[in-house]
Amino acid sequence: QVQLVESGGGLVQAGGSLRLSCAASGRTFSSYAMGWFRQAPGKEREFVAAISWSGWSGGSTYYADSVKGRFTISRDNAKNTVYLQMNSLKPEDTAVYYCAASPTANRQIYEYDYWGQGTQVTVSS
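Because the structure is predicted, anything quoted here is derived from the model rather than measured.

Calculation notes
- Residue indices begin from 1 for each chain and proceed along its sequence in written order.
- In keeping with the model being predicted, local features are shown solely for residues with a pLDDT of at least 70 and side-chain atom pairs are shown and tallied solely at 80 or more, while totals for entire chains, interfaces and linings include all residues.
- Side-chain descriptors were evaluated using all non-hydrogen atoms of the structure, hydrogens and water having been removed beforehand.
- A helix here means a DSSP run of H or I that spans at least four residues, while a strand means a run of E at least two residues long, and both kinds are numbered starting from the N terminus.
- Buried residues are those whose accessible area, probed at 1.4 Å on protein chains only, stays under 20% of the maximum for their type, while exposed residues exceed 50% and partly exposed ones sit between those limits.
- By definition in these notes, contact holds between two residues if any of their heavy atoms fall within 4.5 Å.
- Per-residue accessibility takes into account occlusion by the displayed protein chains alone, with areas from the Shrake-Rupley method and a 1.4 Å probe.
- Distance and chemistry together define a polar contact, namely a pair of N or O atoms within 3.5 Å, with one atom able to donate a hydrogen and the other to accept it when in protein, and with adjacent residues in sequence counting only for side-chain atoms on both sides.
- At least two bridges found by DSSP between two strands is the condition for calling them paired.
- Axes here mean lines fitted to C-alpha atoms, for a helix over just the part in contact, with angles spanning 0 to 180 degrees between N-to-C directions.
- Any Lys or Arg side-chain nitrogen found within 4 Å of a carboxyl oxygen on Asp or Glu counts as a salt bridge.
- Working definition: a ring pair exists when centres of Phe, Tyr or Trp rings (six-membered ring for Trp) sit within 6.5 Å. Plane angles under 30 degrees give stacked, over 60 give edge-to-face, the rest tilted.
- To sit over a ring, a charge needs its Lys NZ or Arg CZ within 6 Å of the ring centre and within 35 degrees of the ring normal.

A. Just the overall build of the chain, in detail. A tally of regular secondary structure across the chain gives zero helices and eleven strands. Each helix and strand of the chain, placed in order from N terminus to C terminus, yields the pattern β-β-β-β-β-β-β-β-β-β-β. Judged by the C-alpha coordinates and their principal axes, the chain covers about 40 × 25 × 25 Å. A total of 125 residues make up the chain; the buried ones form 44% of that total. Contacts in the chain between residues at least 24 apart in sequence constitute 58% of all its contacts with a sequence separation of at least 6. Per element, the accessible surface of the chain, about 6400 Å² overall, is 48% carbon and sulfur.

B. Expanded view of the side chain of Arg38. The residue Arg38 is located in strand E4 (residues 33-39) in this model. One polar contact links Arg38 to Glu46, side chain to side chain, over a distance of 2.6 Å. Among the polar contacts listed, one links the side chain of Arg38 to the side chain of Asp93, at a separation of 2.9 Å. If we ignore the near neighbours within four places in the chain, the residues touching Arg38 are Glu44, Arg45, Glu46, Val48, Ser66, Val67, Phe71, Glu92, Asp93, Ala95, Val96 and Tyr97.

C. Representation of the sheet that holds strand E8 (residues 81-86) in the model. Strand order in the open sheet made by the four strands is E1-E3-E8-E7, with antiparallel pairing throughout. Of all strands in the sheet, those bounded by a partner on one side alone are strand E1 (3-7) and strand E7 (71-76). Across this sheet, the average inter-strand angle for adjacent strands is 15°, counted without regard to direction.

D. Broad picture of unusual backbone geometry. Of note in the backbone geometry, Asn80 takes a positive phi value of approximately 50° without being a glycine. Locating Asn80 in the fold gives a position in the loop between E7 and E8. Residue classification places Asn80 among the partly exposed positions, given a relative accessible area of 22%. For Ser88, which is not glycine, the phi dihedral falls at a positive 50°. On the secondary structure map, Ser88 appears in the loop between E8 and strand E9 (95-102). On the basis of relative accessible area, Ser88 is assigned to the partly exposed category, the value being 42%.

E. Expanded view of the pattern of salt bridges. Going through the model one piece at a time under the given rule, you end up with four salt bridges. Ionic pairing is found between Asp93 and Arg70, a salt bridge with its closest N-O pair at 2.8 Å. Residue Asp93 is located in the loop between E8 and E9, and its partner Arg70 is located in the loop between strand E6 (61-63) and E7; the two are separated by 23 residues in the primary sequence. If you follow the salt bridges from partner to partner, you end up with Arg38, Glu46, Arg70 and Asp93 in one network.

F. Structural context of the packing of aromatic side chains. This model, assessed by the stated rule, comprises six aromatic pairs. Here the aromatic rings of Phe37 and Trp115 are separated by 5.1 Å at their centres, their planes lie at 55°, and the arrangement is tilted. Of this pair, Phe37 sits in strand E4 while Trp115 sits in strand E10 (residues 114-115), and the two are 78 residues apart along the sequence. Across from the ring centre of Tyr98, 3.7 Å away, lies the NZ or CZ of Arg45, which sits over that ring. When the ring centre of Phe29 is taken as origin, the NZ or CZ atom of Arg75, which lies over that ring, is 4.7 Å away.

The following block contains the structure:
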């Protein structure tokens, strides 16, 4: 069982930065791949970024095309925390951001077993 709690959301102007954190409970955090998803009003939840467990691949990362080069996902297994550094934010990045845990790093929502409650990110123009 893994419980996830996101933090770090807020209101920022376009071009600004935010860092989201996701604190996980449970001793098996390091064995899970972690992902970030987002859901804007009236839209479906979409993949943002994922990072594999820190095993053979050493934490491989994956990004949606819309955030590649602007967002960075990372994890600190000692702190049971995954981060999403978001730079050069755009109004279209406005959404509720969710972290999630999965046995494997991938882009599919249905592959993720555990979800946080979400944190709101609002980017003003």
